[in-house]
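Survey of secondary and tertiary structure
Chain by chain, the residues run as shown.
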Amino acid sequence: MSVLLAIVFGLLFGVILHKVGAANPHRLINMLRLKDFHLMKVIFFGIGFSSLLLFVFSAAGVIEPNFSVKTAYIGVGIGGIIFGIGWAISGFCPGTSIVGAGAGRKDALVFVVGGLVGAFLYMLTYGSFKSTFLFDKILGGKVTLADTGVEKYHVIAEGISSSLVAGGIAIVMIVIAIILPKSE
Amino acid sequence: MKCLLKEREWDWKISGVALGLIFLVTVMVVKPIGVSTQFVILDGIFWKSVSSELIVKDDKSKTGYASSNAYLNKSSGKYAQNVDNPLNYSFVFVIAMIMGGFISAKFTKNKDEEDDGVLPQVWKDTIGNSTTKRYIIVFIGGVLVLYGARMAGGCSSGHMMSGMMQTSISGYLFAIATFISSVPTAMYFFSKKES
């Protein structure tokens, strides 16, 4: 059952990433050069829209989402900086390179091979720094702004309605998506 | 209604709704989308095929698996377990994404004839027409992106989209860090050619 769902959702996600233009490195590079905001609008709208419905549905008891919050630690920031450099020079991230390769882009395929090497280098080096400050938690680690209702996750805006907190952030993101110009 | 599958690219509003919906539906039904971990799993599958001692069954571990590699062994051998059983949700999801990209491209009418799938227009305009140079740079890009994503514990899907959707601090931290480095890098790297 879960494998069948994986096929359906993976296929849909692949089609969507391709159709929104995320697997097109020209679009991505120009977004990062602040010349073309198509993808930025899509990303802001997508996060805002999904977050709003997620927290409102969850608070109304319509659904019980499978929240899974990742830990915040120093390495998220440092890893993010390394990630950003590679992202900018290539125009791909892990998901879009996979979709791009499927769509027949040769540069995306080379990126995937590079990615496998990068992940392998991480596997080889992880043991040498796994006990360092890199993994020091920030704000308690698994923490969110809005209350997910999941006991083990810390909440910053504690005691405030989660629909209000997440909804407020979501609306700001949606407004940004609407007012951003399509291009410079 | 026009067939959405035939369009080369969707308008930003349709795009935003579609992207939002797939992240929402997956977190409701299964779990948040993530991609970069599966590069480790595939590496593990390759590695295991040449080294039979890499993954071992271990009754003392919570998952029942352990690995001689510190990374595969972390979180009670969670990755080691997935390497040994690749037919799990997250791995199959990523394999299906390849098919999604393939299908989407196949159905696309009016393809961008300028784009040969190697050199993006912005690359030609600023760097030039050497495909070798493009391949070298994307390869290095892939190494940096996956090394960084594994250090950060997620990528654009897991941290940025799924994370910020849940208002997770790790998601905001990752998004800010990536933009701090990617925007200046892109601006510098793709600055106009001297002519």
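What counts as what
- Residues numbered from 1 in each chain as written.
- Chains lettered and ligands numbered in written order.
- Predicted model: local features only at pLDDT ≥ 70, side-chain atom pairs only at ≥ 80, totals over all residues.
- Heavy atoms only, no water.
- Helix = DSSP H or I, 4+ residues; strand = E, 2+ residues; numbered from the N terminus.
- Buried < 20%, exposed > 50% of the residue type's maximum accessible area, 1.4 Å probe, protein only.
- Contact = heavy atoms within 4.5 Å.
- Areas by Shrake-Rupley, 256 points an atom, 1.4 Å probe, with all protein chains shown as cover.
- Lys, Arg positive; Asp, Glu negative; His and termini not counted.
- Charge placed at Lys NZ, Arg CZ, Asp CG, Glu CD.
- Core = buried A, V, L, I, M, F, W, Y, C linked by side-chain atoms within 4.5 Å.
- Patch = residues over 30% accessible without salt bridge, like charges linked within 9 Å, V, L, I, M, F, W, Y side chains within 5 Å.
- Salt bridge = Lys/Arg side-chain N within 4 Å of Asp/Glu carboxyl O.
- Buried area = accessible area lost by both parts, 1.4 Å probe.
- Polar contact = N/O pair within 3.5 Å; in protein donor to acceptor, adjacent residues only side chain to side chain.
- Nonpolar A, V, L, I, M, F, W, Y, C, P; charged D, E, K, R; others polar.
- Axes fitted to C-alpha atoms, helices over the stretch in contact; angles between N-to-C directions.
- Parallel < 35°, antiparallel > 145°, perpendicular 65-115°, else oblique.
- Left-handed = near helix turned anticlockwise from the far one by under 90°.
- Expected span 1.5 Å × (residues − 1).

Summing up its helical and strand segments, chain B has eight helices and two strands in all. In chain B, the order of α-helices and β-strands from amino to carboxyl end is α-α-β-β-α-α-α-α-α-α. Residue burial in chain B is summarised as follows: out of 195 residues, 54% are buried. Here the analysis covers contacts within chain B between residues at least 6 apart in sequence; of these, 49% occur between residues at least 24 apart.

Let us now look at the overall build of chain A. Tallying secondary structure elements over chain A gives seven helices and two strands in all. N-terminal to C-terminal, the α/β element order of chain A is α-α-α-α-α-α-β-β-α. Dimensions of chain A along its principal axes, counting C-alpha atoms only, are 50 × 45 × 40 Å. Here the analysis covers contacts within chain A between residues at least 6 apart in sequence; of these, 59% occur between residues at least 24 apart. In the form shown here, chain A has an accessible surface area of approximately 7,400 Å², with 68% of it arising from carbon and sulfur atoms. Positive and negative charge centroids in chain A, built from 13 and 8 side chains respectively, lie 13 Å apart.

Moving on: the nonpolar core. Residues A:Phe13, A:Trp87, B:Phe93 and B:Met97 are the most contacted members of the largest nonpolar core, which totals 96 residues. With nine residues, helix α6 (residues 106-129) of chain A is the largest single contributor of residues to this core. Excluding residues that lie within four positions of it along the chain, B:Phe93 makes contacts with A:Ala6, A:Phe9, A:Gly10, A:Phe13 and B:Ile33. Counting eight residues, the second largest nonpolar core, distinct from the first, contains B:Val118, B:Leu119, B:Ile137 and B:Phe190.

Right, let's talk about a positive patch on the surface for a bit. A grouping of A:Lys137, A:Lys142, A:Lys152, B:Lys31 and B:Lys78 is seen on the molecular surface, where their side chains present a positively charged patch. In this structure, A:Lys142 sits in the loop between α6 and β1 (143-144).

Moving on, we get to the interface of chain B and chain A. Interfaces are often described in size by the accessible area the parts lose on coming together. Facing 116 residues of chain B, the contacting portion of chain A comprises 116 residues. Across the chain B/chain A interface, buried area totals approximately 9,900 Å², and carbon plus sulfur atoms make up 77% of it. Broken down residue by residue, the surface that chain B buries against chain A is led by B:Trp12, B:Tyr147 and B:Met151, which jointly contribute 8%. Linking chain B with chain A are three salt bridges. Seen at the junction of chain B and chain A, the total is 35 residue pairs in polar contact (both at pLDDT 80 or more). Taken together, the elements giving at least two residues each to the side of chain B that touches chain A come down to α1 (12-29), α2 (37-50), α3 (70-84), α4 (89-107), α5 (121-126), α6 (131-152), α7 (156-165) and α8 (169-189) of chain B. Residue composition of the side of chain B that touches chain A, by class: 72 nonpolar, 31 polar and 13 charged.

A few words now on the pattern of salt bridges. All chains considered together, the criterion is met by eight salt bridges over all chains. Between A:Arg27 and A:Asp36 there is a salt bridge; the shortest N-O distance is 2.6 Å. Measuring nitrogen to oxygen at the nearest pair gives 2.7 Å for the salt bridge that ties A:Asp107 to B:Arg134. Here A:Asp107 is found in helix α6, whereas its partner B:Arg134 is found in helix α6 on a different chain. Summarising the burial analysis for this pair, A:Asp107 and B:Arg134 share the class buried. When salt bridges that share partners are traced, they join A:Arg105, A:Asp107, B:Asp115 and B:Arg134 into one network.

Our next topic: the packing of helix α3 (residues 38-60) of chain A against helix α7 (residues 162-179) of chain A. Residue and element names in this part refer to chain A. Put simply, α3 and α7 touch, their axes get as near as 8 Å, and they point 160° apart. By the angle between their directions, the pair α3 and α7 is classed as roughly antiparallel. For the element pair α3 and α7, the recorded crossing hand is left-handed. Facing Lys41, Phe44, Phe45, Ile47, Gly48, Phe49, Ser51, Leu52, Phe55, Val56 and Ala59 of α3, the residues of α7 in contact are Ser162, Ser163, Ala166, Gly167, Ala170, Met173, Ile174, Ile176, Ala177 and Ile178. Looking at the contact of α3 with α7 residue by residue, the classes come out as 15 nonpolar, five polar and one charged.

Below, the discussion takes up the environment of A:Tyr153. Residues and elements named next belong to chain A. Its location among the elements puts Tyr153 in the loop between β1 and β2 (154-155). In sequence terms Tyr153 and Thr71 are 82 residues apart; their C-alpha atoms lie 9.5 Å from each other. Discounting residues that sit within four places of it in the chain, Tyr153 has contacts with Phe67, Ser68, Val69, Lys142 and Thr148. At 3.2 Å, the side chain of Tyr153 and the backbone nitrogen of Val69 are in polar contact.

What follows covers α7(A). Here α7(A) contains 18 residues, and its C-alpha end-to-end distance of 26 Å stays within 8% of the 26 Å for a straight helix at 1.5 Å per residue. Buried within α7(A) we find A:Ser162, A:Val165, A:Ala166, A:Gly167, A:Ala170, A:Met173, A:Ile174 and A:Ala177. Buried-residue contacts for α7(A) involve α3 of chain A together with α1 and α7 of chain B.

Here the focus is a nonpolar patch on the surface. The grouping of A:Val113, A:Val117, A:Leu121, A:Leu124, B:Ile136, B:Phe139 and B:Ile140 at the surface amounts to a nonpolar patch, some 550 Å² of accessible area in total. Those elements that place two or more of their residues in the nonpolar patch are α6 of chain A together with α6 of chain B. A per-element tally of the nonpolar patch places α6(A) first, with four residues.

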